[in-house]
Amino acid sequence: MNVELICVGTELLLGSIVNTNAAYLAEKCAALGLSCYFQTVVGDNEERLSQVLRTAMERADIVILSGGLGPTEDDLTKETVAKVCGRKMELHEPSKKAIEKFFADKESQATDNNWKQAMLPEGSLVLENHNGTAPGIILETGDAKLILLPGPPGELQPMFEEGVVPYLAELTSQAICSQTVKICGVGESRAETMVKDMIEKQTNPTIATYARPGEVHIRVTANAGDRKTAAKLIKPIVKELKNRFGNYIYTTDVNTTLEKSVADLAKANGLTITCAESCTGGLLSARLVNIPGISDIYKSGVVTYSNKAKRRFLGVKKSTLQKYGAVSEKTAEEMAKGASVMLKADVAAAVTGIAGPEGGTPEKPVGLVYIACHVKGKTTVREYRFFGNRSQIRESAVSAALSLMRECILVYYSKVTFGKGES
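Here the structure is a predicted model, which means the values were calculated and not measured.

Engineer: Would you mind going over the overall build of the protein in detail, with residue names and values included?
Structural biologist: When helices and strands are tallied, the protein shows 15 helices and 17 strands. If one aligns the C-alpha atoms of the protein with their principal axes, the spans along those axes are about 80 × 50 × 40 Å. Within the protein, the proportion of its 423 residues that are buried is 46%. Counting contacts in the protein only where the partners sit at least 6 residues apart, residues at least 24 apart contribute 68% of the total. As presented, the protein carries roughly 20500 Å² of accessible surface, and 50% of it is formed by carbon and sulfur atoms. Once the 51 positive and 48 negative side-chain charges of the protein are each reduced to a mean point, those two points are 12 Å apart.

What follows is the structure in structure tokens.
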């Protein structure tokens with residue numbers, strides 16, 4: 001079966017809001033074995049939405065629409081769908097009661113336009129919204145199955161997981177199973193080359209690579225008559241990926257992030273960790289402190305943007321800064337060592353670089369970053385060249401720092417080996 005995505009909202013066309021719904025829905029649909037050939041973004045305009053919807057219904061088995069289910073006049077997705085499908089709008093009493101309860105729980109009063117959200121196309125299968133006021137809708141027509149979801153990700157995602165996934169699973173007699181192999185320290189082009197022969201020979205399971213900042217994810221998906229059989233088909237493929245990528249694989253759990261794998265590794269070895277950051281300005285620490293329970297191992301960190309701060313808080317030598325500069329292998333090394341001593345941590349990562357767009361020179365161009373990791377007296381320093389805008393360079397540096405922390409802990413405590421990674 002194939003699915004088409006339509007994201008509704010003028011704010012998406014203007015760039016006021018990043019369209020994260022499309023990425024989320026596409027990823028989830030791919031995991032369910034649904035082929036997605038088209039995605040469309042359309043503004044809050046009935047005529048244009050009608051045209052897009054009719055086209056989608058002609059070429060897709062399932063059409064998922066997000067956005068335009070709210071209480072305002074420009075929220076017109078339901079009404080447009082009803083017109084295109086020749087359905088009347090009718091009051092859905094359970095949805096009205098749910099809206100009443102939503103506002104009562106907040107000790108607030110619903111305004112008259114909120115009741116618009118309880119008006120649904122006749123024949124709708126209603127998806128309850130436990131995080132907002134707009135119910136979702138499944139509408140089955142002779143041409144396609146339409147799924148209407150609210151625009152806010154905090155409402156769309158749980159609704160999709162709770163109501164849409166079970167519905168889609170029942171549409172096919174095939175059971176679909178997937179597993180994601182997450183890799184760090186190996187670039188996208190190299191990773192794709194390493195599995196090119198597997199991709200060329202793929203039938204069932206299928207193999208797909210996805211680039212993430214500083215990471216590569218490889219999703220293996222199989223379908224069979226039942227989930228157990230599909231899972232068995234995946235096992236030998238994942239085993240072969242483990243043979244090829246070895247210790248660069250940090251997890252095969254789709255819910256485990258790179259920062260969580262670093263934290264889990266540190267906890268398993270009874271280690272405390274810290275960060276000394278310059279060009280990343282606290283982004284590395286922010287990734288780590290997003291992990292629940294990180295306070296057990298992460299006590300403090302420091303952002304030392306200026307040379308004076310590097311000297312004062314990390315003990316970087318004045319002579320080092322004068323001779324080599326703030327962006328140098330030697331400075332990164334002294335930052336990591338100083339952080340370990342000053343902040344009393346077993347593992348210390350340090351990042352210093354030029355994020356741009358200004359400040360680069362022929363000798364030290366924008367995107368040059370040095371990252372160091374100090375583990376129990378042993379310091380490893382790597383030089384990296386990242387590309388993109390200031391934000392992209394900083395994000396890439398954070399992912400590389402996490403990858404280096406993981407590698408250094410594994411090498412020191414587990415005595416594992418790594419091949420030549422990529423910077």
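Engineer: Lay out the side chain of threonine 320 in plain terms, naming residues and giving numbers.
Structural biologist: Topologically, threonine 320 is positioned in helix 13 (residues 318-324). A distance of 2.7 Å separates the side chain of threonine 320 from the side chain of glutamate 334, its partner in a polar contact. The residues contacting threonine 320, other than those within four sequence positions of it, are Gly325, Lys330, Thr331 and Glu334.

Engineer: How would you sum up the pattern of salt bridges? Please name residues and give values.
Structural biologist: One pass over the structure, following the stated rule, counts 14 salt bridges. Bridged by salt links that share partners, the residues Glu27, Arg212 and Arg219 form one connected network.

Engineer: Help me get a handle on the layout of surface pockets, residues and values and all.
Structural biologist: Estimated volume of the largest pocket: approximately 1100 Å³. Every residue lining the largest pocket is counted, 36 residues in all, and those nearest its centre are Glu27, Lys28, Arg219, Val254 and Asn255. Contributing elements (two or more residues each) for the lining of the largest pocket: helix 2 (20-31), helix 6 (153-169), strand 9 (175-184), strand 10 (206-212), strand 11 (215-224), helix 10 (258-268) and helix 15 (390-414). Per element, the largest residue contribution to the lining of the largest pocket is seven residues, and it comes from strand 9. Here the residues of the lining of the largest pocket are counted per class, giving 15 nonpolar, ten polar and eleven charged.

Engineer: I'd love a proper account of the nonpolar core, names of residues and values included.
Structural biologist: Membership of the largest hydrophobic core comes to 59 residues, with the highest contact counts inside it found for Ile218 and Phe245. Counting residues per element, this core draws most heavily on helix 15, which supplies eleven residues. In contact with phenylalanine 245, not counting residues within four places along its chain, are Ile183, Val186, Ala191, Met194, Val195 and Ile218. Membership of the second largest hydrophobic core comes to 23 residues, among which are Ala56, Leu65, Val84 and Ile137.

Engineer: So, the environment of lysine 337: which residues are in play, and what are the values?
Structural biologist: Along the chain, lysine 337 turns up in helix 14 (residues 329-342). Distance from lysine 337 to valine 347, taken between C-alpha atoms, is 9.3 Å for residues ten residues apart in sequence. With residues near it in sequence (within four places) discarded, lysine 337 still touches His374 and Thr379.

Engineer: Give me the packing of aromatic side chains: which residues, what numbers.
Structural biologist: Per the stated rule, a full pass over the model turns up five aromatic pairs. A centroid spacing of 5.5 Å and a plane angle of 80° characterise the contact between phenylalanine 102 and phenylalanine 103, whose relative ring orientation is edge-to-face. With relative accessibility at 24%, the residue phenylalanine 102 sits in the partly exposed group. Residue phenylalanine 103 is classed as buried on the basis of its relative accessible area of 14%. If you follow arginine 59 out to its NZ or CZ, it ends over the ring of phenylalanine 38, 3.6 Å from the centre.

Engineer: Any details on the pairing of strand 13 (residues 273-277)? Residues and values, ideally.
Structural biologist: By the criterion of burial, strand 13 is predominantly enclosed, with five of the five residues buried. Residue alternation in strand 13 divides its side chains into two sets, Ile273, Cys275 and Glu277 and Thr274 and Ala276, and both sets are buried. Alignment of strand 13 against strand 15 (residues 347-353), held across five bridges, turns out to be parallel. Residue pairing in the sheet places cysteine 275 in a bridge with alanine 349 of strand 15. Bridge count for strand 13 against strand 14 (residues 302-303) is two bridges, and the pairing is parallel. Directly across from glutamate 277, in strand 14, lies its bridge partner valine 303. Read from strand 13 through helix 11 (residues 283-289) to strand 14, the crossover connection turns out right-handed.

What counts and how
- Residues numbered from 1 in each chain as written.
- Predicted model: local features only at pLDDT ≥ 70, side-chain atom pairs only at ≥ 80, totals over all residues.
- Heavy atoms only, no water.
- Helix = DSSP H or I, 4+ residues; strand = E, 2+ residues; numbered from the N terminus.
- Buried < 20%, exposed > 50% of the residue type's maximum accessible area, 1.4 Å probe, protein only.
- Contact = heavy atoms within 4.5 Å.
- Areas by Shrake-Rupley, 256 points an atom, 1.4 Å probe, with all protein chains shown as cover.
- Lys, Arg positive; Asp, Glu negative; His and termini not counted.
- Charge placed at Lys NZ, Arg CZ, Asp CG, Glu CD.
- Polar contact = N/O pair within 3.5 Å; in protein donor to acceptor, adjacent residues only side chain to side chain.
- Salt bridge = Lys/Arg side-chain N within 4 Å of Asp/Glu carboxyl O.
- 1 Å grid on protein atoms, 1.4 Å probe; cavity = no way out; pocket = protein on both sides within 12 Å on 5 of 7 lines; lining within 4 Å.
- Points joined across faces, edges and corners; volume = space filled by probe spheres on them.
- Nonpolar A, V, L, I, M, F, W, Y, C, P; charged D, E, K, R; others polar.
- Core = buried A, V, L, I, M, F, W, Y, C linked by side-chain atoms within 4.5 Å.
- Phe/Tyr/Trp six-rings, centres within 6.5 Å; stacked < 30°, edge-to-face > 60°.
- Lys NZ or Arg CZ within 6 Å of the ring centre and 35° of its normal.
- Pairing = 2+ DSSP bridges.
- Right-handed = clockwise from strand over helix to strand, strands pointing away.

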